[in-house]
Amino acid sequence: MADKKTFLNRLYKVIYVTLPVLLLTVIFYKLDLTVFAENLKNTSAAIIFVGILFRPLQILFGSIRWKIITNHYCNSDLSFQYMNQHYWAGLAIGFFTPGGLGWDAYRIITIGKKLKAYKAAFYAVISEKIVGLIAVMGLIVVMFPLVSGYLTKNEALFTNSYLFMVIGLIILLVIILNLHKLKSRRLYSILILFRNHLVKFKGNKKVLEFIRREYNYNIKISYIFSKPRLFLAILLLSASITCIAAISSQIMFIGLNYEISILVNLFAAPVFFLLFFVPISFGSIGVREGAFILVYGQFGVPMETALLVSFFNLFGLILNSIIGAVIMFIRGIKSNVYAI
């Protein structure tokens, strides 16, 4: 069993390192560099810059969401300024970890240390993830019928995928509505596994022991779903964060002088969220470019245009990470959190 686990860990590390290289190699092999260069030359830098500047709005909305849900779970009154600083600082760490798990670990440890409530901080982040998943799945379910007419190929594949998404969302909602009744060891094991993966990114055994000491599977993870106003607020904020990404991409298409419906971007943004959530590459590099080409390609967007939009979106994420790194440097946040 141990050998199998070691093999799987090594296989994951190989995939994590080699997948971005392989994907980028395939992309640039098929890319028409002449068309790519021409598109880049005709780009309006000012408009693209405006699109990139939309990205920090996601962090502001995310900070508000984290503040609201954490203060409810931890029965606290932490300020927006405090939450915003750590949300942004955590992003700088999360960018370099698969699926942003380092970001989540940072936030759990930060609040756990400050309030001595690691368990509540853990459940706040878990609940945020679940509601965020509902929001993006809901957006996909709502938007697909509106954009299906724009599809230029693989319409049957998208339609079948849409049906699976609807069924998946229904199953997720049914599970959530009955979450308070579940006391299975399987659910407990899943939460334990996720918790351990989060803490591993910090490598701090003391933190893991704190959470273990506080943790038991009778905790009301369904708390947020028993508070309709809280659930709705987190749902709307999660949807807004995704919509900001869609608006940012729309502006970038305008900067490239390429006409595309905003509805397509409102559909594509939550699809990208689901794809990038899978922790299989460093900063989603390679996966991001491939996803943009694949998804936008179904709507007739040329490969070279989709790749540029992907790069510009990456610049927006890098901008957010740089801001977070600056905050960490100025405030000394990183060393303060680790000193447990």
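### Re the overall build of the protein chain
- Scanning the protein chain from N- to C-terminus turns up 15 helices and 0 strands.
- Pairs at least 24 residues apart make up 76% of the contacts formed inside the protein chain by residues separated by at least 6 positions.

### Observations concerning the pattern of salt bridges
- The tally for this structure, following the rule as stated, stands at 4 salt bridges.
- Of the charged contacts in the structure, one is a salt bridge between Glu128 and Arg65, with a shortest N-O distance of 3.6 Å. With a gap of 63 residues between them, Glu128 in helix α7 (residues 118-147) and Arg65 in helix α4 (residues 55-73) connect regions that are remote in the sequence. An identical accessibility class is assigned to Glu128 and Arg65; each is buried.
- For Lys129, the salt bridge goes to Asp104, with nearest N and O atoms at 3.1 Å.

### Quick word on unusual backbone geometry
- Even without glycine at this site, Asn75 takes up a positive phi of about 50°.
- With respect to the helices and strands, Asn75 occurs in the loop between α4 and α5 (80-94).

### Some words on the packing of aromatic side chains
- This structure, assessed with the given rule, holds 13 aromatic pairs.
- Look at Trp66 and Tyr87: their rings are 5.9 Å apart centre to centre, the planes differ by 40°, and that puts the pair in the tilted class. Of the two residues, Trp66 sits in helix α4 while Tyr87 sits in helix α5, which places them 21 residues apart along the sequence. For the pair Trp66 and Tyr87, a shared accessibility class is recorded, and that class is buried.
- Centroid distance Phe225 to Phe231: 5.6 Å. Interplanar angle 55°. Geometry classified as tilted.
- Among the aromatic side chains, those forming a connected cluster through ring pairs are Phe253, Tyr258, Phe272, Phe292 and Tyr296.
- When the ring centre of Trp66 is taken as reference, the NZ or CZ atom of Arg107 above it lies at 5.3 Å.
- The ring of Tyr82 is capped by Lys114, whose NZ or CZ atom sits 4.7 Å from the centre of that ring.

### Side note on the environment of Gln250
- Its place among the elements puts Gln250 in helix α11 (residues 228-255).
- In this structure, the C-alpha to C-alpha distance between Gln250 and Val264, residues 14 residues apart in sequence, is 9.0 Å.
- Apart from residues no more than four positions distant in its own chain, Gln250 is found in contact with Ile260, Ser261, Ile262 and Asn265.

### Side note on the packing of α4 against α11
- Two elements in contact, α4 and α11, have axes whose closest approach is 9 Å; the angle formed by their N-to-C orientations is 170°. On the basis of the axis angle, α4 is roughly antiparallel to α11. Contacts between α4 and α11 involve Arg55, Leu57, Gln58, Phe61, Gly62, Ile64, Arg65, Ile68, Ile69 and His72 from the former and Leu230, Ile234, Leu237, Ser238, Ser240, Ile241, Ile244, Ala245 and Ser248 from the latter.
- The residue inventory of the contact of α4 with α11, partitioned by class, reads 11 nonpolar, 6 polar and 2 charged.

### A closer look at the packing of helix α3 (residues 45-53) against α11
- For the pair α3 and α11, interaxial distance at closest approach is 8 Å and the crossing angle is 175°. Classified by the angle between their axes, α3 and α11 sit roughly antiparallel to one another. Between α3 and α11, the contacting residues are Ile47, Ile48, Val50, Gly51 and Ile52 on the first element and Ser248, Ile251, Met252, Ile254 and Gly255 on the second.
- In terms of residue class, the contact of α3 with α11 is built from 7 nonpolar, 3 polar and no charged.

### Side note on a nonpolar patch on the surface
- The grouping of Phe315, Ile318, Ile322, Val326, Phe329 and Ile330 at the surface amounts to a nonpolar patch, some 620 Å² of accessible area in total.
- For Ile330, the position within the fold is in helix α14 (residues 303-331).

### Concerning the nonpolar core
- Within the largest apolar cluster, 73 residues are counted, with the highest numbers of intra-cluster contacts made by Ile111, Ile224, Phe267, Phe272 and Tyr296.
- Here this core takes 16 residues from α7, the largest share from any one element.
- What Phe267 contacts, discounting residues up to four positions off in sequence, is Ile140, Met143, Phe144, Val147, Phe158 and Phe299.
- With 5 residues, the next largest nonpolar core counts Ala89, Ala92, Tyr106 and Met328 among its residues.

### With respect to the side chain of Ser249
- Position of Ser249 among the secondary structure elements: in helix α11.
- Once you skip the residues sitting within four places of it in the chain, Ser249 turns out to touch Asn265, Tyr296, Val309 and Asn313.

### Quick word on α11
- Under the 1.5 Å per step criterion, the end-to-end length of α11 is 40 Å for 28 residues, consistent within 8% with the ideal 40 Å.
- Positive phi appears at Asn257, one or two residues downstream of α11, with a value of about 60°.

### Remarks on helix α13 (residues 287-297)
- Most of α13 sits inside the fold, with 9 of its 11 residues counted as buried.
- Where α13 is concerned, the buried positions are Val287, Arg288, Glu289, Ala291, Phe292, Ile293, Val295, Tyr296 and Gly297.

### A short note on the confidence of the model for the protein chain
- Overall, the predicted model of the protein chain reaches an average pLDDT of 79, with 74% of residues at or above 70.
- Element-level mean pLDDT values for the protein chain span from 50 in helix α15 (residues 333-338) up to 95 in α11.
- Below a pLDDT of 50 lies the segment residues 215-219, which in the model reaches 14 contacts outside its immediate sequence neighbourhood of four places, other chains included.
- Taken as a whole, residues 335-340 scores under 50 in pLDDT and shows 17 contacts with residues more than four places along the chain or in a different chain.

Rules used throughout
- Residues numbered from 1 in each chain as written.
- Predicted model: local features only at pLDDT ≥ 70, side-chain atom pairs only at ≥ 80, totals over all residues.
- Heavy atoms only, no water.
- Helix = DSSP H or I, 4+ residues; strand = E, 2+ residues; numbered from the N terminus.
- Contact = heavy atoms within 4.5 Å.
- Salt bridge = Lys/Arg side-chain N within 4 Å of Asp/Glu carboxyl O.
- Buried < 20%, exposed > 50% of the residue type's maximum accessible area, 1.4 Å probe, protein only.
- Phe/Tyr/Trp six-rings, centres within 6.5 Å; stacked < 30°, edge-to-face > 60°.
- Lys NZ or Arg CZ within 6 Å of the ring centre and 35° of its normal.
- Axes fitted to C-alpha atoms, helices over the stretch in contact; angles between N-to-C directions.
- Parallel < 35°, antiparallel > 145°, perpendicular 65-115°, else oblique.
- Nonpolar A, V, L, I, M, F, W, Y, C, P; charged D, E, K, R; others polar.
- Patch = residues over 30% accessible without salt bridge, like charges linked within 9 Å, V, L, I, M, F, W, Y side chains within 5 Å.
- Areas by Shrake-Rupley, 256 points an atom, 1.4 Å probe, with all protein chains shown as cover.
- Core = buried A, V, L, I, M, F, W, Y, C linked by side-chain atoms within 4.5 Å.
- Expected span 1.5 Å × (residues − 1).
- pLDDT = per-residue confidence, 0-100.

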